[in-house]
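Descriptive structure summary
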Amino acid sequence: MQTLSLPSFFSIKSIFSVASAAAVSLWDRVADGNSKDEWVTNRAGSLSFKVQVHQLSSGKWTSGILTRSGTFYGNHRFSSLKHPAQEFRSYRQARRFALKLANQLATLRFAYQ
């Protein structure tokens, strides 16, 4: 009787690791799709920040922040802050980082501008 050995790259551990990573990534997308994207506004009400998350061709994630200046609809000017050198393993990590940065910008750096 002869037993067949599987190649070293084909292990049960690697299959479960890939499957669980895919499931977590899918869950992050579905869970975040249900939440509203809201603007984080500074205390003066003249500057707002919104999180944007993008997937790179490598499968990693990067985040940016969309800024809106102005106090009413006809007066808004938009620009973006993006640092593409920051790469994250998951959508959730990228979004959490960008939300933290947007909150800091609105409450600390540009609080009264």
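Our structure is the block above this text.
We now turn to the structure provided with this report. None of these values were measured; they are calculated from a predicted model. (Residues numbered from 1 in each chain as written. Predicted model: local features only at pLDDT ≥ 70, side-chain atom pairs only at ≥ 80, totals over all residues. Heavy atoms only, no water.)

1. Section: the environment of Gln-52
Structurally, the position occupied by Gln-52 is in strand β2 (residues 47–55). Here Gln-52 falls in the partly exposed class, since its relative accessible area comes to 29%. Separated by 15 residues in the primary sequence, Gln-52 and Asp-37 have C-alpha atoms spaced 9.1 Å apart. Apart from residues lying up to four places away in sequence, Gln-52 is in contact with Thr-62, Ser-63, Gly-64 and Leu-66. (Helix = DSSP H or I, 4+ residues; strand = E, 2+ residues; numbered from the N terminus. Buried < 20%, exposed > 50% of the residue type's maximum accessible area, 1.4 Å probe, protein only. Contact = heavy atoms within 4.5 Å.)

2. Comments concerning the sheet that holds strand β3 (residues 61–69)
Judged by pairing direction, the sheet is antiparallel, and its four strands sit side by side in the order β1-β2-β3-β4 without closing on themselves. Strand pairing shows two members of the sheet lacking a second neighbour, β1 (40–41) and β4 (77–82), which therefore form its edges. Where β2 lies against β3, nine bridges are found, and the strand directions are antiparallel. Of the residues in β3, the one forming a bridge with Ser-48 is Arg-68. Across the sheet, helix α2 (residues 91–109) lies against β1, β2, β3 and β4, angled at about 30 degrees from β3, the strand it touches most. (Pairing = 2+ DSSP bridges. Axes fitted to C-alpha atoms, helices over the stretch in contact; angles between N-to-C directions.)

3. So, the nonpolar core
In terms of nonpolar packing, the biggest core is built from 15 residues, with Phe-49 and Val-53 touching the most fellow members. Of all the secondary-structure elements, those providing two or more residues to this core are β2, β3 and α2. Per element, the largest residue contribution to this core is six residues, and it comes from α2. (Core = buried A, V, L, I, M, F, W, Y, C linked by side-chain atoms within 4.5 Å.)

4. Things to note about the environment of Ala-85
Tracing the backbone through its elements, the reader meets Ala-85 in the loop between β4 and α2. For the pair Ala-85 and Ser-63, spaced 22 residues apart in the sequence, the C-alpha separation amounts to 9.8 Å.

5. Focus: the packing of aromatic side chains
Evaluation of the coordinates by the stated rule reveals four aromatic pairs. Geometrically, the ring pair formed by Trp-39 and Phe-78 is tilted, given 6.1 Å between the ring centres and 50 degrees between the ring planes. Note that Trp-39 is positioned in the loop between α1 (12–33) and β1 and Phe-78 in strand β4, a separation of 39 residues in sequence. On the accessibility criterion, Trp-39 (24% relative accessible area) is partly exposed. With a centroid separation of 5.1 Å and 80 degrees between ring planes, the pair formed by Trp-61 and Tyr-91 is classed as edge-to-face. Of this pair, Trp-61 sits in strand β3 while Tyr-91 sits in helix α2, and the two are 30 residues apart along the sequence. One exposure class covers both Trp-61 and Tyr-91, and it is buried. If you follow Arg-68 out to its NZ or CZ, it ends over the ring of Trp-39, 4.3 Å from the centre. (Phe/Tyr/Trp six-rings, centres within 6.5 Å; stacked < 30°, edge-to-face > 60°. Lys NZ or Arg CZ within 6 Å of the ring centre and 35° of its normal.)

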